[in-house]
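Inside the fold
Take a look at the letters that make up each chain.
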Amino acid sequence: TLTATDDTGNTDSCFFYVFVTDETDPTITCPEDKTVSADSNCEFKLPDYTGEATVDDNCDDDVEVTQSPAPGTVIGLGPQTVTLTAEDDAGNTASCSFTVTVVDDTDPNISCPTAVAPLSADDNCEALLPDYCPNASAYDNCDQDLDCEQSPAAGTAVGLGDTTVTLTVTDDAGNSDSCSFTV
C-alpha cells in the first residue's frame, strides 16, 4: 500500500500486489561413477540412485529427484550414462549425470570329460594326446564362445603311465576356470 499525504494532511492511498516467484534452479550433485558386476544373464538391473544425490534449493525443502534410465531398467555390458534431475515446486530443474559400467567379473565353469578312454602306445611306446576341449562342458554368463586351452597340448607325445591333462576356458573378459583329469 502506498499513501500520499500533502502539507495540509490530506491523504490518498492505493495498493498493488507483489508476487514473489522462485526462479532459482535447485542444485544437484550426482554420486561418483560406479562399476558393477554383470549377473548370470550378463546384465545389470539399475537400482534407484535418487537417494544418493545431494540436492539443495533456496525455497523448497522437498525437491523431487527423478532418474533416467528409470530404476529397474536392465542394461548390458559396458558404460551407461545415468541422469538425475531435481525439480522444485516452482518447476525449476537441474540435472547431473554419472556412469554405471557393467563388467563381466564372473569366471566361466568347465567340466572335464568323465569317461576318458586309455590311449594305445605306438612303436616308440608313446601316444599322441587328442584334443579334449570339444569333450568338455563349459558355460559362461556373458561369452558363449569360450577359448579352451589344453595342457599338455593336443598332439603332444606322452609315455606309458598316467598323464594329467588340464583344460582351461577363458572368456572375453579374461576370467577363467580349469579342470583336470588323468589319461
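Here goes a summary of the coordinates provided. What you see is a predicted model; the values in this text were computed from it and never measured.

Glancing now at the overall build of the protein chain. The helix and strand tally for the protein chain stands at zero helices and 17 strands. Taken against the 2.2 N^0.38 rule, which gives 16 Å for 183 residues, the C-alpha radius of gyration of the protein chain at 35 Å runs more than 25% over that of a compact globule. Principal axes of the C-alpha set define a box for the protein chain whose edges measure 135 × 20 × 20 Å. Evaluated residue by residue, the protein chain yields a buried proportion of 30% over its 183 residues. In the protein chain, once contacts between residues fewer than 6 apart in sequence are set aside, the share between residues at least 24 apart is 56%. Within the structure as shown, the protein chain displays about 11500 Å² of accessible surface, and the carbon and sulfur contribution to it stands at 45%.

The next subject is a nonpolar patch on the surface. Together, L2, F16, V18 and V20 give the surface a local cluster of nonpolar side chains, amounting to about 480 Å² of exposed area. Along the chain, L2 falls in strand β1 (residues 2-5).

This next bit is on the sheet that holds strand β17 (residues 176-182). One open sheet accounts for three strands, arranged β14-β16-β17; its pairing is antiparallel. Because the sheet does not close on itself, it has two edges, and the strands there are β14 (147-151) and β17. Recorded for the sheet is a direction-independent mean angle of 20 degrees between the axes of neighbouring strands. Here seven bridges tie strand β16 (residues 164-170) to β17, and the two strands are oriented antiparallel to one another. Bridging from a neighbouring strand, L167 pairs with C179 of β17.

Right, let's talk about the state of the cysteines for a bit. Considering all chains together, one arrives at four disulfides under this definition. Note on cysteine connectivity: C42 is disulfide-linked to C142, with sulfurs 2.0 Å apart. Disulfide C42 to C142: torsion about the S-S bond roughly 105 degrees, handedness right-handed. Taken together, the residues span a long stretch of sequence, with C42 in the loop between β4 (34-37) and β5 (44-45) and C142 in the loop between β13 (137-139) and β14 at a distance of 100 residues. On the basis of relative accessible area, C142 is assigned to the partly exposed category, the value being 23%. Each sulfur of the disulfide joining C133 and C148 lies 2.1 Å from the other. Where C133 bonds to C148 through sulfur, the torsion about that S-S bond is close to -80 degrees, and the disulfide is left-handed.

This paragraph deals with unusual backbone geometry. Glycine aside, negative phi is the norm for most residues, and most peptide bonds take the trans geometry. With omega at -5 degrees, the peptide bond leading from S68 into P69 counts as cis. By secondary structure assignment, the location of P69 is in the loop between β7 (64-68) and β8 (74-75). Note the cis peptide between S151 and P152, where omega equals -10 degrees. Looking at where P152 falls in the secondary structure, it is placed in the loop between β14 and β15 (157-159).

About the cut-offs
Residues numbered from 1 in each chain as written. Predicted model: local features only at pLDDT ≥ 70, side-chain atom pairs only at ≥ 80, totals over all residues. Heavy atoms only, no water. Helix = DSSP H or I, 4+ residues; strand = E, 2+ residues; numbered from the N terminus. Rg over C-alpha atoms; globule rule 2.2 N^0.38 Å. Buried < 20%, exposed > 50% of the residue type's maximum accessible area, 1.4 Å probe, protein only. Contact = heavy atoms within 4.5 Å. Areas by Shrake-Rupley, 256 points an atom, 1.4 Å probe, with all protein chains shown as cover. Patch = residues over 30% accessible without salt bridge, like charges linked within 9 Å, V, L, I, M, F, W, Y side chains within 5 Å. Salt bridge = Lys/Arg side-chain N within 4 Å of Asp/Glu carboxyl O. Pairing = 2+ DSSP bridges. Axes fitted to C-alpha atoms, helices over the stretch in contact; angles between N-to-C directions. Disulfide = S-S within 2.5 Å.

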